[in-house]
Amino acid sequence: MADTPTLSVTMLGAGQEVGRSCCVLQYRGKTIVCDAGVHPAYSGMASLPFIDELDWSTVDALLVTHFHLDHAAALTYITEKTNFRDGKGKVYMTHPTKALHKFMMQDYVRMGSSTSDALFSPLDMTMSLASIIPVSAHQLITVCPGVSFTPYHAGHVLGACMFLIDIYGLKILYTGDYSREEDRHLVKAELPPIRPDVLIVESTFGVHTLEGREEKELRFTNLVHSIIRRNGHVLLPAFALGRAQELLLILDEYWKKHPDLHNVPIYYASALARKCMAVYQTYIHTMNNNIRSRFAKRDNPFVFKHISNVPQTRGWEKKIAEGPPCVVLASPGFMQVGPSRELFELWAPDSRNGVIITGYSIEGTPARDIMTEPEDFVTLKGITIPRKISVDDISFSAHVDYSQNAEFIEAVKAQHVILVHGEQAAMLRLRSAMTARYKERDEDVKIHTPRNLETLNLSFRGERVAKAIGTLADKPPKTNDVLSGLLVAKDYSYTLLDPRDLRDFAGLTTCTVTQRQKIVLGVGWNLVKWHLEGMYGSVEEGLDKDGVPAMRVMGVVDVKHTGEHELTLEWESSSSNDMIADSTLALITGIDKSPASVKLTTGSHSHTHTHPHADPEDESSERMRISRLAMFLEAHFGEVEFHMPEVSEEEPELGEDARDASLLVRLDDAEAQISLVNLTVNSANDALKKRVEAVLDMALTTVSSLSESFVSGAPVVAEDVGLSKEKADVLLPATEDIEEAVDDLEIHA
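Residues numbered from 1 in each chain as written. Predicted model: local features only at pLDDT ≥ 70, side-chain atom pairs only at ≥ 80, totals over all residues. Heavy atoms only, no water.

Draft legend 1. How the structure looks around the overall build of the protein chain. For the protein chain, the count of helices and strands is 22 helices and 34 strands. The proportion of buried residues among the 749 residues of the protein chain is 49%. Here the protein chain displays about 36,900 Å² of accessible surface, and carbon together with sulfur accounts for 49% of that area. (Helix = DSSP H or I, 4+ residues; strand = E, 2+ residues; numbered from the N terminus. Buried < 20%, exposed > 50% of the residue type's maximum accessible area, 1.4 Å probe, protein only. Areas by Shrake-Rupley, 256 points an atom, 1.4 Å probe, with all protein chains shown as cover.)

In structure tokens, the structure reads:
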């Protein structure tokens, strides 16, 4: 392969995991980092991406897709605790993301300040916020010469975007978390108008398909209502921003339609959410038409009529827990600490209560653990309590499911697809499913699933060279020769070899799959042969190694008479052989219903019939084949002459081509000679030669039976299986029989 620029993709986080998203792109001396999050299941330094693996002073741009902690919370540590400031790097995110990121980080610092493993101080956070450059969707931003990017709406949460990055002409689309379904307040993710070379896409749900929005909302509201009816409390663990606003819109509308619920309070247990609600009202213009139209009518959808904030008094959790039925949206969604964890511990022993997990839960978090419905649960104080509270999972997670993700990936049409932000099993299943989809359409799209710190190198320019080795290299190819073999790729070097050389050169082994199908059929052996010859032209009849009568169809499928009323089909499996076996099976199973079978077997007689479409087996076969060929040529060119030159002793010895029996075609003043030995066309007129060659090819296909024209896809290892010959070999007799074969033909000589 030629020495060409290479794109290096390194996952410092979210490589075969969900959490601490951080993707490093390096190309032609430029470095772009996408996202910088923490892992919710860990704390302190362990929650950070593998930041020591990169010289942060070399970073040209750091792009943050949205405000969620697993995509943005490590930003302050990178800008203030590494050598990022020593370089010329800049930080970009959309306007809503920057506004919400501020409140998210204030809350994150407050929660971490009480522990000994706090990553940074409030001052560090303030300094980091000041360095962020806000951008708008569809705004083309030039970072430095040769490097630019454009944000596109990604759905998911307010302000979320995907970045189309251009580095010296190489285009990379990084989606971050995205949603292709429009919900109650957000637009769905856009499909960028430009086709990228590389797509880096989330794989959170793998091949899992989620239920539709309307069905999901109905199931959710019915479940909430049923828990209220049994005099229980409803806990909805949710992050303060994002899905919480969606759930509030759903609940507020449902309460409005059900007056019997008006005395049941809905509490929103998040001081952070109260602060951020002003941001949602500020960026109404970035939401969908439903929200914008309501706001234009002075109906602010984020001023809720049936939802109130929890009382700001110490011990409010216990008071609510001991009070009448209610619904509480409490953060955080993963239930590590905070109101959602405290309420769960208070309500867990009562079977009337219910918790509904409404978002994606990361492995190792309490929200994921309780989905297995354990019998007991360990509190933050280390006390084991019984778990009798009902647990349900209704995902409102604004991530794409399999069908949406697959549709988007195929629509983007990137040459390379890199799956990130997914647990290993889900990611690998998605890769297998997408690989199969592309294989069906014969599209060459590479799908990658890099692990953390595993650098993926992709080259896009330069000619790929494959070395032919082994049997393929024994005979040097000539111009326009076609080489057929297996292409083996390893470490970006390509090798072409014969399948039989796999063991010697690649250390791989091959096997042959033999398939057998037994059929119970109440017809005679000769009748089966008659039908097979009618379909395939000719069959080979004999005995197999066990002495069982057998017929071989098209050289690949053996039909054996294994019992009085039993036939067994046996063949070595391949795509072509399987098709022949299927057609043979269909033909045989229909013999006893065939009108021709009824006609043949109505009266008893000692002789056998030959099918009119069967290939002749006597000396007339040569005459018939040549006659068919001549008739086909006469239909296109008119009169056809048979030519057999005589060689006298006085004449000098002629070349072999000159002595070939041939058919002579004349058109106007030009003529073309068709050799009946090797079926080559000779003519001084190029136009006539090409036309005769085209007609001759059609003629060979038309006059040959299936058995004659089929070339078997031979198995890799098969010493006792012969390959079918080419059409030219089976169509015509040997040279010495040609003159005798044409004696009785009405061909002008």
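Draft legend 2. Focus on the sheet that holds strand 7 (residues 141-144). Across the sheet, seven strands lie side by side as 7-8-9-10-11-20-21; this open sheet has mixed pairing. Lying at the two open borders of the sheet, with one neighbouring strand each, are strand 7 and strand 21 (446-448). Averaged over all neighbouring strand pairs, the angle between strand axes comes to 20°, with direction disregarded. Relative to strand 8 (residues 147-153), strand 7 runs antiparallel, the two sharing three bridges. Directly across from threonine 142, in strand 8, lies its bridge partner serine 148. Sheet contacts for helix 12 (residues 402-412): strand 9 (161-167), strand 10 (170-174), strand 11 (198-202) and strand 20 (416-420); angle to strand 11, the most-contacted strand, approximately 170°. (Pairing = 2+ DSSP bridges. Axes fitted to C-alpha atoms, helices over the stretch in contact; angles between N-to-C directions. Contact = heavy atoms within 4.5 Å.)

Draft legend 3. Just the pattern of salt bridges, in detail. Under the definition given, this model contains 25 salt bridges. Its salt-bridge partner being aspartate 544, residue lysine 560 comes within 3.3 Å of it at the nearest N-O pair. Of this pair, lysine 560 sits in strand 29 (residues 557-563) while aspartate 544 is found in the loop between strand 27 (539-543) and strand 28 (549-553), placing the two residues 16 residues apart along the sequence. Across the pair, exposure class does not vary: lysine 560 and aspartate 544 are buried alike. For lysine 560, the salt bridge goes to glutamate 570, with nearest N and O atoms at 3.4 Å. Here the residue lysine 560 occupies a position in strand 29, and glutamate 570 occupies one in strand 30 (residues 566-572), the gap between them amounting to 10 residues. The burial state of lysine 560 is the same as that of glutamate 570; both residues are buried. Connected via shared salt-bridge partners are Glu410, Arg437, Arg441 and Glu443. (Salt bridge = Lys/Arg side-chain N within 4 Å of Asp/Glu carboxyl O.)

Draft legend 4. How the structure looks around the sheet that holds strand 2 (residues 22-27). If you trace the seven strands from one edge of the open sheet to the other, you get 6-5-4-3-2-1-22, paired in mixed fashion. The open sheet is flanked by strand 6 (132-135) and strand 22 (456-459), the only strands paired with a single partner. Averaged over all pairs of adjacent strands, the angle between strand axes in this sheet comes to 25°, irrespective of strand direction. Two elements, strand 5 (residues 90-94) and strand 6, share four bridges in a ladder whose sense is parallel. When the bridges of strand 6 are listed, methionine 93 appears paired with proline 134.

Draft legend 5. How the structure looks around the environment of alanine 73. When you line up the elements, alanine 73 lands in the loop between helix 1 (69-72) and helix 2 (75-81). Distance from alanine 73 to aspartate 35, taken between C-alpha atoms, is 9.2 Å for residues 38 residues apart in sequence. Excluding residues within four positions of it along the chain, alanine 73 makes contact with Ala36, Gly37, Val38, His68, Met105 and Phe120.

Draft legend 6. Structural detail: helix 3 (residues 95-112). Compared with the 26 Å implied by 1.5 Å per residue over 18 residues, the 26 Å span of helix 3 between its first and last C-alpha is a close match. Among the residues making up helix 3, those that are buried are Pro96, Thr97, Leu100, His101, Phe103, Met104, Met105, Val109 and Gly112. (Expected span 1.5 Å × (residues − 1).)

Draft legend 7. Representation of the nonpolar core within the structure. One finds Leu199, Phe220, Trp255, Phe302, Val327, Leu329 and Ile356 to be the most contacted residues of the largest nonpolar core, which totals 70 residues. At eight residues, the largest contribution of residues to this core is made by helix 6 (residues 243-257). Sequence-distant contacts of tryptophan 255, defined by excluding residues within four places in its chain, comprise Val224, Leu261, His262, Val264, Ile266, His306 and Val327. Counting 32 residues, the second-largest nonpolar core is a separate cluster that includes Ala61, Val143, Cys144 and Leu456. (Core = buried A, V, L, I, M, F, W, Y, C linked by side-chain atoms within 4.5 Å.)

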